[in-house]
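One-letter residues, chain by chain:
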2 protein chains.
Amino acid sequence: MTAVGRSLPRIDGLDKVAGRAIYAGDLHLPGMTIAKVLRSPVPHARVRRIDATRALALHGVLAVLTRDNLDVVGRSFGAYVRDQEILASEKVRYVGDMVAAVAATEDGIAAEALKLIDVEYEELPAVFTIDDALKTDAPLVHDTLDNRKDPGYGRGGSHIVHDHSNICFHFRHERGDIQEGFRQSDQVFEDVFHFPSAQHYPMEPHLCVAHFEACVLTVWSATQSPFPVRQELARIFGLPFSAVRVIVPHVGGGYGAKSGIKTEAIAACLSRRIGRPVKLAFGADETFRTICQPRAKLVVKTGVKKNGTFIARRCEVYLNGGAYANSGPTVAEKAGYRAHGPYRIPHLQTDAYSIYTNTVPGGAFRGFGGPQVAFAYETHIDMIANRLGMDALEIRMKNLLDKGESFSSGDTPIDCDLKAGLRRIAQAIGWDSRPNGETQSDSKRRGIGIATAMKDGGGTNKPANAAVTIFNDGSVLLSTGSVEIGQGMRTAFLQIVAEELSVATDSVRVAALDTHYTPFDKGTNASSATSVMGQAVQRAARDARRQLLEAASAVLKAPSSEVRLDNGFASHGTETISFREIMQRQFRDSEGEIWGRGYFKVARDKNVPLGYLSPFWEIGFGAAEVEVDSETGEVKILRYVSLTDAGKMINPLQCEAQDEGAAVFGLGQALFEDLAYQDGQLLNGSLIDYRLPTFEDIPPSFTTFIMEGQGGPGPYGAKGMGEGGILPVAPAIANAVFAATGKRLRTVPLSPDRVWQTMTEKRQG
Amino acid sequence: MTAVGRSLPRIDGLDKVAGRAIYAGDLHLPGMTIAKVLRSPVPHARVRRIDATRALALHGVLAVLTRDNLDVVGRSFGAYVRDQEILASEKVRYVGDMVAAVAATEDGIAAEALKLIDVEYEELPAVFTIDDALKTDAPLVHDTLDNRKDPGYGRGGSHIVHDHSNICFHFRHERGDIQEGFRQSDQVFEDVFHFPSAQHYPMEPHLCVAHFEACVLTVWSATQSPFPVRQELARIFGLPFSAVRVIVPHVGGGYGAKSGIKTEAIAACLSRRIGRPVKLAFGADETFRTICQPRAKLVVKTGVKKNGTFIARRCEVYLNGGAYANSGPTVAEKAGYRAHGPYRIPHLQTDAYSIYTNTVPGGAFRGFGGPQVAFAYETHIDMIANRLGMDALEIRMKNLLDKGESFSSGDTPIDCDLKAGLRRIAQAIGWDSRPNGETQSDSKRRGIGIATAMKDGGGTNKPANAAVTIFNDGSVLLSTGSVEIGQGMRTAFLQIVAEELSVATDSVRVAALDTHYTPFDKGTNASSATSVMGQAVQRAARDARRQLLEAASAVLKAPSSEVRLDNGFASHGTETISFREIMQRQFRDSEGEIWGRGYFKVARDKNVPLGYLSPFWEIGFGAAEVEVDSETGEVKILRYVSLTDAGKMINPLQCEAQDEGAAVFGLGQALFEDLAYQDGQLLNGSLIDYRLPTFEDIPPSFTTFIMEGQGGPGPYGAKGMGEGGILPVAPAIANAVFAATGKRLRTVPLSPDRVWQTMTEKRQG
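Residues numbered from 1 in each chain as written. Chains lettered and ligands numbered in written order. Predicted model: local features only at pLDDT ≥ 70, side-chain atom pairs only at ≥ 80, totals over all residues. Heavy atoms only, no water.

Asker: Explanation requested: the overall build of chain A in the structure shown.
Answerer: When you go through chain A residue by residue, the secondary structure sums to 18 helices and 32 strands. What you see for chain A is a C-alpha radius of gyration of 27 Å, in line with the 27 Å of a compact globule of 765 residues. Its C-alpha atoms give chain A principal-axis dimensions of roughly 80 × 75 × 50 Å. Taking all 765 residues of chain A together, 67% fall into the buried category. For chain A, long-range pairs separated by at least 24 residues make up 79% of all intrachain contacts whose partners lie at least 6 apart in sequence. About 25200 Å² of surface is accessible on chain A, with carbon and sulfur atoms providing 48% of the total. Both charge centroids of chain A, one from 84 positive and one from 89 negative side chains, sit 2 Å from each other. (Helix = DSSP H or I, 4+ residues; strand = E, 2+ residues; numbered from the N terminus. Rg over C-alpha atoms; globule rule 2.2 N^0.38 Å. Buried < 20%, exposed > 50% of the residue type's maximum accessible area, 1.4 Å probe, protein only. Contact = heavy atoms within 4.5 Å. Areas by Shrake-Rupley, 256 points an atom, 1.4 Å probe, with all protein chains shown as cover. Lys, Arg positive; Asp, Glu negative; His and termini not counted. Charge placed at Lys NZ, Arg CZ, Asp CG, Glu CD.)

In structure tokens:
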């Protein structure tokens, strides 16, 4: 292969670092106005009255939008449940809920106008935590939940509706007989874990520019789901799809935050009202109050034989979904499906809940529920090994699924060698000669921990479409609905197209995303780009190749089966002509184009728990060596080893960067990140107060291994990756801290105060 | 028909009048700089030295581009001959030729910087007029013309190359035996005419924004030929087509001026150099110095029988093409082909020349050589009638081609009833009771004149492509490369698509034009949109309809031949479902789209003079009643009647507006417009000095008749129109002036001084 497998520089890289890349926020349209949003200062209240009179009187204010003049066909939206309103009407449900919006000629005027909007709130009792929200007499975040969808699961998965409660969504996954499993076990262990709510922290906040013309509503949005945004805008305004155009310029990171409507509906409402383009750009503080990773409480109970063999596992996954469902239900479902880990467990019962509280809504986040459950099951397995007096590596090796074995009956078999992966990280970190508990100085102790985690990758059974055009000069353009949110996927696609068409990579370009033109796609998520969309891309390229061969066959007067394509040239016998010549001779100079189309969709299957086959298994194995300062509680990562399986690396450099990026994301959640609340007020929702990993926090020794097991469904055996690396970080570090200190932490992040406190406690795990 | 034939308001109308429509000049990109161009102050000179040192030192100047740092693969360009350079290197060839360009942070700085560029010119002898340029010892505008193309004509048309002369292009069209024809004639008349050089005067000047990223060069341009611009930019910079993206926002008028590269190459060069977006917007004064209608000298010699029957005609068409070929050769070719008018003439010989001079380059202009030749042959025929003592209506009726008759052997037969059209305008203007020569007062005299003109419409044998998408909600998007330059064609296309798909017009939209996505097109010209592109549009809609019927057939479980489509619903027997339901049931909710494709191309035919069949015949008949003030020479149009044939009106309101617009264009050239030069300096190249028709000049009685002869090749028999109306205006008015005053004017515009001077002369025609 000439194009695939090469570490081609990212096609968007140079323009991004040189500052030439244009983002939605860079746009300035004539007459454009600036919008700002007024947010609820209270966590739960009835909105008695909104008076915009004073704001409207301010010079430069063009419109104030409230529940009273919203004037749309559909005022509610939501990916799973339509429980969120464009602007709050009856109630506000968290601090940050949007109540009104202003469009003004200048940013400062819009900000000033917000202060002049008078809102009268009647405060209501609120709930913030999972435990409080589940109490029988808990105040309800939503009175009615009558529009909850039935996802239509297959065998082994079910959706249980809890009316008149704060349970937004409940997914059950079971097999075998959980009680019988515990009876057959020699010992049963139960542990409770807590995982923080993190912020996606994309460099670019949520923003869009909307221009509502009579003819077409155009929205330039920093979104990772342009077609769902189109669909929602069409529904909200009662427009045909053809009258809504969503354009996605370069996007400054997504990580799940940029799925679904964020700023678009408000900006479009204002633009329609005033007849001018409207920019609505959230500040970082507002992005913090828009969407987050759901905080989790996890209960894992495992029955084992004396030799460490797993017999039964019961998992309870409680996700704090915040005030609105968003994609929280899907996160709960995925977290539930993955909650028992990549192990052979005959008897299984999992209940996963997404729970409403009066906090920032939770939803899709890199890892999609995986980091929460991986922290639980991988710390739990370490604790079991310790209790049984077994080696933590050995107990994993004993229970890990083999390649080809079922994770869940009927679902895609395990598509790589998990045990080989585990051996590799154990060897790399020096498991056999580990220094656990050794004291480096008076107060500093070192330890090594490992973790093996897995998630079903590639998302749901969404369709993938791609189009490949061969222009008259033989150059090639690819168009797909996958959004480049920094994962490098456009470069990988370009390599696939170049490979399939036998052309140089520098004659291939990837078109900008525009819902008027780009073939339909449901959104960019679940590490699906290369593995799922990649198949549509490959098929579109092959469709174009077939047509190119036909043209070459006509020009060379040879059967197309005898025509060879190589590096932009077609040959038959001794005759060789360039693709450009083929195009021009077959379709006339400058006139003809070839259009190739590709479609791929994961199969539905009612026999598997989620109702469709998992496209592939994304793994994330990690090993850490830490040094814990017993005086301060500070945890320092000395070495970190990450391992995943890419099936086949289309672009090795990008694969490594994706895995490194994922591991650093995990590091943040393991050590620092947490959205802190007090009485429903987010305390650290700003760039200053929220602690992220910096370059100083990167372990001095940081290694990424990428296996190429060829087991993926994608082109050339490729699998998705880029989320696996996040999964094992917190448990690997927590296990290393235990190894170093003998103290077990069941809650991340492992902040110094929490570590120090645990080290001074008596209780042991 | 429900959608076609209705006067639907223009889909771009509301947004344009409300100021919401975005033009290329409205764009503001981050870091965008402003470019300005330095132009030659002399008509012909060798450029000895260009020193940009002082300009570059000016604060805010980012780059000065000259011949010395252009750094492109191809520095010359041109639609027919590549005789023009992005920036002049060795020589400048007219006052306004571009020598250098500046990019600066602000408009004022760029303007200031231009003054600081030192250029040393060595002046050369120059030629400005056709007669001077054709002298044997005339200075040559271009020393070498070795890259002149052979257009490859068919029988009856030929291309004669004149080396070492100022003849850029020479087209000959002949049939019969011209000398024999004159011998057979009872009388032979020869007259010489002059037609002015007009400015297109689009409301929006030439401009673009170029953003040269590492990945893709994107140009937002006010162009009517985005794909040729892409092709030229790709060649100039050595890029694949896939790396050049030309986007066309709303365009503020074209009229032929906006064909080909204008500002794009310079802006792109500057953007590449400085790594920032560059806007280059010509002022109106620069647009005047960029492209114009070729000034014409015309010699028509006709042999007639005593009864007025035409036997032979010899035409000489000399077009002043200015300093660069541009599309002047094609204008000459078309003018030549049309030069004898819509008459039966057995013996014919035409020579048409495009001639280089040191003046503003001439090129495509609404009518494309037709107004020049129509003025000649329609004034000439009036003069013949007068000399023979015949009625000017009668001599035309006698010689006009019949429907189905050949204009030229083998070419498309005449596709409408010319005589019926002539009768209609004669009746409307009151030909039989005309007041010719009547004195209204001491000095004012009234007269009536008519003219019948025709041009081959629909352009060359360019291909037309269109794509029709049916989205998942049943709504429809059309994509074609035809540029909406004010002619209303997008609305007509929308109506065709709605008609073919049996959907409401308000569910159809027309996509914005983007060469990365829009199917290939060669440019918008020659009244080709509805008649030629319309066929591709119709075919694309039919292709989509076929797929929709297949889907409906599957959903309704009925043979597709039995499924009826009506107003967005499909029915079979008693069952009726919406297109939305069909899409969602057949392709799953929100996922599937239907893509229809349409292609049409006029056939090549080596047996006809131009080598391809004329798509249709565009006619323009006019009748005018004028009042001439013998004291001032002022010509006032009291009544004007215009008539054309649309074949079938897709949108009657648009058709009428197109014909009215064309007639007013003709009025300007008949009465006011002319680019005046002195020593090669354009004297009236500004909005203030150039006299255009205003609303006050519109005749108090102004009627448009549109025949629907069903004879066109377009959808439902439609023909192109919008240029026909311009053709007969000048001769109809000149003939009316003769009728009023007995004085014959062989030169337009009929400015008061010229009319007054002629009225005081002795010579008669």
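Here the narrative resumes, following the displayed structure.
Asker: Would you explain the interface of chain A and chain B in this entry?
Answerer: You'll often see interface size given as the accessible area lost when the parts meet. Contact with chain A, which involves 60 residues of that partner, is made by 61 residues of chain B. Between chain A and chain B, roughly 5000 Å² of surface is buried when both sides are summed, and carbon and sulfur atoms account for 55% of that area. Our count for the contact surface shared by chain A and chain B stands at 0 salt bridges. Here chain A and chain B share 27 residue pairs in polar contact (both at pLDDT 80 or more) between them. Secondary structure elements with two or more residues in the side of chain A that touches chain B: α1 (13-17), β12 (207-212), α6 (226-237), β20 (463-470), β21 (476-480), β22 (508-510) and β27 (594-601) of chain A. Grouping the constituent residues of the side of chain A that touches chain B by class yields 28 nonpolar, 15 polar and 17 charged. (Buried area = accessible area lost by both parts, 1.4 Å probe. Salt bridge = Lys/Arg side-chain N within 4 Å of Asp/Glu carboxyl O. Polar contact = N/O pair within 3.5 Å; in protein donor to acceptor, adjacent residues only side chain to side chain. Nonpolar A, V, L, I, M, F, W, Y, C, P; charged D, E, K, R; others polar.)

Asker: Help me understand the relation of the copies chain A and chain B in this model?
Answerer: The two chain copies are connected by a rotation around an axis plus a translation along it. Mapping chain A onto chain B calls for a screw motion: a turn of 180 degrees about the axis and a shift of 0.0 Å along it, with 0.1 Å RMSD after fitting. Considering both components of the superposition, the chain copies are consistent with a two-fold axis. When C-alpha positions in chain A are compared against the rotation axis, the closest is assigned to H28(A), at 2.7 Å. (Least-squares fit on C-alpha atoms with pLDDT ≥ 70 in both.)

Asker: Just checking my understanding: could you explain the side chain of N166(B) for this structure?
Answerer: All names here are of chain B. Note that N166 resides in the loop between β9 (157-159) and β10 (167-175). The exposure class assigned to N166 is buried, which follows from its relative accessible area of 1%. Within the local environment of N166, its side chain forms a polar contact with the backbone oxygen of A133, the two atoms lying 3.2 Å apart. Residues within four places of N166 in sequence aside, it is in contact with V127, A133, A138, P139, L140, V141, H142, S354, I355 and Y356.

Asker: Looking at this structure, how should I read the sheet that holds strand β24 (residues 564-566) of chain A?
Answerer: Working definition: the strands of a sheet are paired by backbone hydrogen bonds and lie parallel or antiparallel to each other. All names here are of chain A. Taking strand neighbours across the sheet as the criterion, the 3 strands line up as β24-β25-β26 in an open arrangement whose pairing is antiparallel. Two strands close off the open sheet at either side, each with one partner strand: β24 and β26 (575-578). Each neighbouring strand pair of the sheet contributes to a mean axis angle of 25 degrees, computed without reference to strand direction. Pairing of strand β25 (residues 569-572) with β26, which is carried by 4 bridges, proceeds in the antiparallel orientation. Within the sheet, the bridge partner assigned to H572 lies in β26 and is E575. Sheet strands touched by helix α14 (residues 529-556): β24, β25 and β26. Its angle to β25, the strand with the most contacts, is close to 50 degrees. (Pairing = 2+ DSSP bridges. Axes fitted to C-alpha atoms, helices over the stretch in contact; angles between N-to-C directions.)

Asker: Sorry, what's going on with the packing of aromatic side chains here?
Answerer: The geometry of an aromatic ring pair is captured by the separation of the ring centres together with the interplanar angle, meaning the angle of the planes. Residue and element names in this part refer to chain A. Scanning all chains against the criterion turns up 37 aromatic pairs over all chains. Measuring from ring centre to ring centre gives 5.5 Å for F310 and Y343, while their planes differ by 80 degrees; the resulting arrangement is edge-to-face. Remark: Y343 occurs in the loop between α9 (328-338) and β18 (347-356) and F310 occurs in strand β17 (residues 310-322); sequence separation between them is 33 residues. In this structure, F310 and Y343 share a single accessibility class: buried. (Phe/Tyr/Trp six-rings, centres within 6.5 Å; stacked < 30°, edge-to-face > 60°.)

Asker: Mind showing me how you'd approach the pattern of salt bridges here?
Answerer: Note that side chains of opposite charge can pair when their charged atoms are close. All names here are of chain A. According to the stated counting rule, one finds 95 salt bridges over all chains in the structure shown. For D118, the salt bridge is made with R54, and the minimal N-O distance between the two is 3.0 Å. A residue pair is termed long-range when its members are at least 10 positions apart, and D118 in strand β8 (residues 118-123) and R54 in helix α2 (residues 53-57) qualify at 64 residues. With a relative accessible area of 44%, R54 lands in the partly exposed category. Put simply, R546 and D543 hold a salt bridge, and the shortest N to O gap is 2.6 Å. Separated by 3 residues within a single helix, R546 and D543 lie in helix α14, roughly one turn from each other.

Asker: Looking at this structure, how should I read the sheet that holds strand β9 (residues 157-159) of chain A?
Answerer: Residue and element names in this part refer to chain A. Sheet architecture is open: 6 strands sit in the order β9-β10-β18-β17-β16-β11, paired in mixed fashion. Of all the strands in the sheet, just β9 and β11 (187-195) have a single pairing partner and so form its edges. If you compare each strand with its neighbour and ignore which way they point, the axes differ by 10 degrees on average. Taken together, the 10 bridges between β17 and β18 define a ladder with parallel strand orientation. The residue bridging V317 from the neighbouring strand is A352, located in β18. Of the strands in this sheet, β11, β16 (295-304) and β17 are in contact with helix α10 (residues 370-388), which crosses β11 at around 140 degrees.

Asker: Got a minute to help me understand helix α13 (residues 489-501) of chain B in this structure?
Answerer: Along an α-helix, a turn takes 3.6 residues, which lines up residues three or four apart on a common side. The terminal C-alpha atoms of α13(B) lie 18 Å apart, and with 13 residues this matches the ideal 18 Å at 1.5 Å per residue to within 8%. For α13(B), the buried fraction is high: 13 of the 13 residues fall into the buried class. (Expected span 1.5 Å × (residues − 1).)

Asker: Teacher, can you tell me more about the packing of helix α10 (residues 370-388) of chain B against helix α11 (residues 392-399) of chain B here?
Answerer: Residue and element names in this part refer to chain B. At a closest axis distance of 9 Å, the pairing of α10 and α11 adopts a crossing angle of 115 degrees. Viewed along their axes, α10 and α11 adopt a mutual orientation that is roughly perpendicular. In the packing of α10 onto α11, the handedness of the crossing is right-handed. On α11, the residues touching E378, I381, D382, I384, A385 and L388 of α10 are A392, I395 and R396. Residues belonging to the contact of α10 with α11 are distributed by class as follows: 6 nonpolar, no polar and 3 charged. (Parallel < 35°, antiparallel > 145°, perpendicular 65-115°, else oblique. Left-handed = near helix turned anticlockwise from the far one by under 90°.)

Asker: Which parts of the structure should I look at to understand the packing of helix α11 (residues 392-399) of chain A against helix α12 (residues 418-429) of chain A?
Answerer: The description of two helices packed together rests on the angle between their axes and the distance between the axes. All names here are of chain A. One can describe the packing of α11 onto α12 by two numbers: an axis separation of 10 Å at closest approach and a directional angle of 165 degrees. Judged by the angle between their axes, α11 and α12 are roughly antiparallel. α12 is crossed by α11, and the crossing has left-handed handedness. On α12, the residues that touch L393, R396 and M397 of α11 are K419, L422, R423 and A426. By residue class, the composition of the contact of α11 with α12 is 4 nonpolar, no polar and 3 charged.

Asker: I'm lost on the pairing of strand β18 (residues 347-356) of chain B in this one. Help?
Answerer: On a regular strand, each side chain points to the face opposite its neighbour's, so the side chains alternate between the two faces of the sheet. All names here are of chain B. The element β18 is extensively covered by neighbouring structure, given that 10 of its 10 residues are classed as buried. Of the two faces of β18, the one lined by H347, Q349, D351, Y353 and I355 and the one lined by L348, T350, A352, S354 and Y356 are each fully buried. In terms of handedness, the path from strand β17 (residues 310-322) via helix α9 (residues 328-338) over to β18 forms a crossover that is right-handed. (Right-handed = clockwise from strand over helix to strand, strands pointing away.)

Asker: I would appreciate a short explanation of empty space enclosed by the protein in the present structure.
Answerer: To find leftover empty space, one rolls a probe the size of a water molecule over the atoms. Counted under the stated rule, the structure contains 9 cavities of 30 Å³ or more. Of the voids in this model, the second largest cavity is the one considered here, and its volume is about 160 Å³. (1 Å grid on protein atoms, 1.4 Å probe; cavity = no way out; pocket = protein on both sides within 12 Å on 5 of 7 lines; lining within 4 Å. Points joined across faces, edges and corners; volume = space filled by probe spheres on them.)

Asker: What is the right way to look at the side chain of S482(A) in this model?
Answerer: Residues and elements named next belong to chain A. Positionally, S482 belongs in the loop between β21 and α13 (489-501). Given the relative accessible area of 4%, S482 is considered buried. With residues up to four places along the chain from it excluded, the contact list for S482 reads M489, R490, F493, L513, D521, T524, A529 and M533.

Asker: When you look at the confidence of the model for chain A in this model, what are you seeing that I'm missing?
Answerer: Reading fine detail from the predicted coordinates is not recommended where pLDDT is low. Across chain A, pLDDT averages 95, with 98% of residues at or above 70. Listed scores for the predicted complex are pTM 0.95 and ipTM 0.94. (pLDDT = per-residue confidence, 0-100.)

Asker: Where do I start with the environment of L56(A) in this structure?
Answerer: Residue and element names in this part refer to chain A. By secondary structure assignment, the location of L56 is in helix α2. On the accessibility criterion, L56 (44% relative accessible area) is partly exposed. Sequence separation of L56 and G260 is 204 residues, and the distance between their C-alpha atoms is 30 Å. Ignoring sequence-local partners within four residues, the contact set of L56 consists of V61, A63 and V64.

Asker: Looking at this structure, how should I read unusual backbone geometry?
Answerer: Comment: phi is negative for the bulk of residues other than glycine, and the bulk of peptide bonds are trans. With an omega of 0 degrees, the peptide bond between V748(A) and P749(A) qualifies as cis. Looking at where P749(A) falls in the secondary structure, it is placed in the loop between α17 (729-741) and α18 (752-760). A positive phi angle, close to 55 degrees, is found at K557(A), a residue other than glycine. Its place among the elements puts K557(A) in the loop between α14 and β24. Taking relative accessible area as the criterion, K557(A) reaches 72% and is therefore assigned exposed. Here Y255(B), not a glycine, exhibits a phi torsion of approximately 60 degrees, which is positive. Here Y255(B) is to be found in the loop between β14 (244-248) and α7 (264-274).

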